[in-house]
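Residue-level listing of the chains:
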Amino acid sequence: MDTESETRTAAWHEQIDAASQRFDDTAAQRDEVTRRRAVSESDVVDTEEQILARADRLLVTGEVPAQAVIELGRHDPMDSIGSLERVIGFANELQAANFLTRGARAAAAVARISLADNGREVPMGTGSMVSPQLLLTNNHVLPTPEAAESVVLEFRAEVDIDNVPTATVRYRLAPADFFVTDKHLDYTVVRVAPGPDGVAPGTTFGWNPLIAKPGKIVIGEAMNVVGHPSGRLKEISIRHNRLDLQLDDFLHYASDTEPGNSGSPVFNDQWEIVALHHAGVPKKDDKGRVLRKDGKLWQSGDGDDAIDWIANEGARVSVLLHDLGSRQFDAAQRALLDELGLAALPPRAASTETAVPRDVPAVESLVRGLRGRSSAFGGHRSVLFLHGRGQQGRDPVELRRNWTAGLNKGLTLAGLSPIDPADVYFPFYGDQLIESMDTREAVDTGPELYETLVAEAAHRAGMPDADELPAERELFGGFGAVVLGRLHDQLSWIAARSGLDSALIGAIFKDVAAYLDDERVRKSVLDTVLTDTPTEGELILVSHSLGTVVALDLLTQLPRELNVRLLVTAGSPLGLDGVYRKLLSGGATRPERVGEWLNTWYAGDPIAIGCPLRQAWGPDLRELPVENPKERAHDIAEYLAHAAVAATIGHTLSA
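Not measured: the values here are computed from a predicted model. (Residues numbered from 1 in each chain as written. Predicted model: local features only at pLDDT ≥ 70, side-chain atom pairs only at ≥ 80, totals over all residues. Heavy atoms only, no water.)

1. What about the packing of aromatic side chains?
Under the defined criterion, the tally for this structure stands at ten aromatic pairs. Pairing Phe 99 with Trp 271 gives two aromatic rings, centres 5.4 Å apart and planes at 40 degrees, and the pair type is tilted. Taken together, the residues span a long stretch of sequence, with Phe 99 in helix H6 (residues 99-108) and Trp 271 in the loop between strand E11 (265-267) and strand E12 (273-282) at a distance of 172 residues. Like Phe 99, the residue Trp 271 is buried in the burial classification. Centroid distance Trp 403 to Phe 426: 5.9 Å. Interplanar angle 85 degrees. Geometry classified as edge-to-face. Note that Trp 403 is positioned in helix H11 (residues 396-413) and Phe 426 in the loop between strand E15 (424-425) and helix H12 (430-439), a separation of 23 residues in sequence. (Phe/Tyr/Trp six-rings, centres within 6.5 Å; stacked < 30°, edge-to-face > 60°. Helix = DSSP H or I, 4+ residues; strand = E, 2+ residues; numbered from the N terminus. Buried < 20%, exposed > 50% of the residue type's maximum accessible area, 1.4 Å probe, protein only.)

Written as structure tokens, this is what we have:
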């Protein structure tokens, strides 16, 4: 054991030396960052490519407070790099109320790694679940399969809300099933064996998906680190860590992390992993000797905690994923790797000169949906989930799993049996919707329907009539809708009465309007959904948000051999006049082919602001108001997790 520990320690110090050398070699680049910050009066500075990618990611996903974009847009063109840098900086200063909740969810997937030998356990690092079964940590923590076999993994090694240590849950690793490592990037990905109940740890504690696309962070943004410093109970370092420099393979950042944080995930403010922490950079004197925190020379007997660490280094997730994808795997290993999801695949090469790594399946430009098992639910009954907007680039496997997890929570609360995600049909039109919107020709209707939907929603939320408010023109930015004047006031009014950001509310209504206004977009979406829809038997159709609008149109397209036993609409805008009058059915006419219709909504969900639906659609449907967490007001998993909603689905399945 001593020899093994010494080997790991030597490997870690080797990584420190390499990180220190890279730090020294990039002094001129850091000086340039300092100069640019002084000129721009902004901490956020990076290459034009990085800034554009980051701004696009933040604005499209609704992570920037709308007011921030509006105020900045009044002074500079929204497509200027300087303005976008300030938008990103503003987003760093203001965090939504769910910031800590999302952080807690991300931290739950982080575990302590300890060396187990003869009844003794020595903490040696941190690891994070990145799929239901795969753990990510450092090469210098787990350099070989043999080393992986000798450790124990502990989840919940932390204190609870009352500052009382919680009971840990322990797992062993299964390197014989999957083990990949790289010394230069200092990463290891290894399979975690199921627990005694046969359940994968990610199913219990969740996992933090790896994302290959750019735009996750730029220089000057905050970073958050979750780990077990020096083997202690789980700690989180947030907000005071800033990205200082982006290298080809690594990120340099200021942080108060400690040696025991080896293998910790490094997150951005959206709790997406941007790097794998692996080494610190010690402060040195003019002779290259390491210094202690008190300024004296460091000696080996002082311990690593005494070193004055001036920077930290982590391997970039995108580079790590590219290396992982360049390797050869057998079928069983490929199945495990596929659980990382489509977001983990590097973006397709722009030319044949940058080939997609060998043995990585070619990714279609448009991801298709999933079909349920034909033998499920007795072979004559099917469940279909129909998602809403904003799912482009997502992995249908992960989305179906999340929907099912919410439903299974509700089924468990209702005392009913859970279902297997693989039994559910999950048509996926997220990519098709965006592509058809991007490539459509200009339509005569313009933004009128979008404005109508927002105005009606605001009126239903109690906003005074439009003629009582100042009217200003609408301004559209290059990276998402930037709304001013009356339209901005309406969105802000709706947002103030819900838990959602006004930019996200506007984006949802805009996509609903695009679907209803342009028949080419509508046909493209419906054709995509029909591809992965059963053609006969009984159907339980569960829909959400824009998906409820698509569902009502879909009912006019389904073959007669398919009997819709139950329709569930959740977080639906179908109560808005501007929506139901544009449906293929021509209005709020209850579909005759639907057996039972359950509509569920939360009063704080601004997209369901037209609910209850009975006033428009008549009394022959069941209305079920629920209470969702305000920060997840529109979340489908929250809707399905309610026992009464899940019980309706479960009882129909077993009838």
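Next comes the rest of the account.
2. Digging into the pairing of E12
For E12, the buried fraction is high: ten of the ten residues fall into the buried class. Taken together, the three bridges between E11 and E12 define a ladder with antiparallel strand orientation. Bridged to Phe 267 within E12 is Ile 273. In textbook terms, the turn of a hairpin is the stretch between consecutive antiparallel strands, and for E11 and E12 this stretch comprises five residues, one of which, Trp 271, has a positive phi near 60 degrees. Pairing of E12 with strand E13 (residues 309-316) involves seven bridges; the strand directions are antiparallel. If you follow His 277 over to E13, its bridge partner there is Gly 314. (Pairing = 2+ DSSP bridges.)

3. Description of the sheet that holds strand E3 (residues 134-137)
Strands pair in a sheet through their backbones, by hydrogen bonds, and they do so in one of two ways: parallel or antiparallel. With respect to topology, seven strands assemble into an open sheet ordered E5-E4-E1-E2-E3-E7-E6, the strand pairing being antiparallel. For this open sheet the edge positions go to strand E5 (169-172) and strand E6 (179-182), each flanked by a neighbour on one side alone. The mean inter-strand angle of the sheet, taken between neighbouring strand axes irrespective of direction, is 30 degrees. Here four bridges tie E6 to strand E7 (residues 187-191), and the two strands are oriented antiparallel to one another. The partner of Asp 182 across the bridge, within E7, is Tyr 187. Sitting on the sheet, helix H9 (residues 317-325) touches E3, E6 and E7, and the angle it makes with E7 is about 60 degrees. (Axes fitted to C-alpha atoms, helices over the stretch in contact; angles between N-to-C directions. Contact = heavy atoms within 4.5 Å.)

4. Re the environment of Thr 648
Turning to its location among the elements, Thr 648 is positioned in helix H21 (residues 643-654). By relative accessible area, Thr 648 is classed as buried at 8%. Each C-alpha atom, one on Thr 648 and one on Val 568, is 9.1 Å from the other, the two residues being 80 residues apart in sequence. Once residues within four sequence positions are removed from consideration, Thr 648 is found in contact with Leu 566, Glu 596, Leu 598 and Arg 622. Only 2.7 Å separates the side chain of Thr 648 from the side chain of Arg 622, close enough to count as a polar contact. (Polar contact = N/O pair within 3.5 Å; in protein donor to acceptor, adjacent residues only side chain to side chain.)

5. Things to note about the side chain of Arg 112
Structurally, Arg 112 is set in strand E1 (residues 110-117). When residues no more than four places from it in sequence are discounted, the contact partners of Arg 112 are Pro 123, Gly 125, Val 152, Leu 153, Glu 154, Ala 157, His 228, Gly 231, Arg 232 and Leu 233.

6. Let's talk about the environment of Ser 572
One can find Ser 572 in the loop between strand E19 (562-570) and helix H18 (577-580). Judged by relative accessible area, which is 0%, Ser 572 ranks as buried. Once the C-alpha coordinates of Ser 572 and Cys 611 are considered, the two residues, 39 residues apart in sequence, prove to be 7.6 Å apart. Excluding residues that lie within four positions of it along the chain, Ser 572 makes contacts with Thr 548, Asn 599, Ile 607, Ala 608 and Cys 611. Among the polar contacts made by the side chain of Ser 572, one reaches the side chain of Thr 548 at a distance of 2.8 Å.

7. Digging into the nonpolar core
Core analysis: the biggest nonpolar cluster contains 69 residues, and Leu 386, Val 550, Leu 574, Trp 617 and Ile 649 have the highest contact counts within it. Setting aside residues up to four positions removed in sequence, Ile 649 forms contacts with Leu 407, Ile 540, Val 542, Leu 566, Val 568 and Leu 640. Counting residues in hydrophobic clusters, the runner-up holds 45 residues, among them Leu 136, Leu 185, Ala 212 and Phe 250. (Core = buried A, V, L, I, M, F, W, Y, C linked by side-chain atoms within 4.5 Å.)

8. So, the side chain of Thr 600
As for its placement among the helices and strands, Thr 600 is situated in strand E20 (residues 594-602). For Thr 600, a relative accessible area of 1% translates into the label buried. Look past the residues within four positions of Thr 600 in its chain and what remains in contact with it is Thr 569, Ala 570, Gly 571, Leu 624, Val 626, Tyr 639 and Val 645.

9. Things to note about the sheet that holds strand E21 (residues 622-626)
The sheet built from six strands is open, its strands ordered E15-E14-E18-E19-E20-E21 with parallel pairing. The sheet is open, and its two borders are formed by E15 and E21, each paired with just one other strand. As paired strands, E20 and E21 are joined by five bridges and run parallel to one another. Opposite Thr 600, over in E21, you have Leu 624 as the bridge partner.

10. As for unusual backbone geometry
Its identity is not glycine, yet Ser 230 carries a phi of approximately 55 degrees, on the positive side. With respect to the secondary-structure elements, Ser 230 resides in the loop between strand E8 (222-227) and strand E9 (235-246). Look at Trp 271: it is not a glycine, yet its phi comes out positive at around 60 degrees. Residue class for Trp 271 comes out buried when judged on its relative accessible area of 10%.

11. Points about the pattern of salt bridges
By the definition in use, this model includes 25 salt bridges. For Lys 234, the salt bridge is made with Glu 158, and the minimal N-O distance between the two is 2.9 Å. Placement of the pair is Lys 234 in the loop between E8 and E9 and Glu 158 in the loop between strand E4 (151-155) and E5, with a sequence separation of 76 residues. Of the residues examined, Glu 158 reaches a relative accessible area of 24% and is grouped as partly exposed. With a shortest N-O distance of 2.8 Å, Arg 381 and Glu 538 are connected by a salt bridge. Residue Arg 381 is located in strand E14 (residues 381-386), and its partner Glu 538 is located in strand E18 (residues 537-544); the two are separated by 157 residues in the primary sequence. On the basis of relative accessibility, which here comes to 7%, the residue Arg 381 falls in the buried class. One connected set of salt bridges, linked through shared partners, spans Arg 112, Glu 121, Glu 154 and Arg 170. (Salt bridge = Lys/Arg side-chain N within 4 Å of Asp/Glu carboxyl O.)

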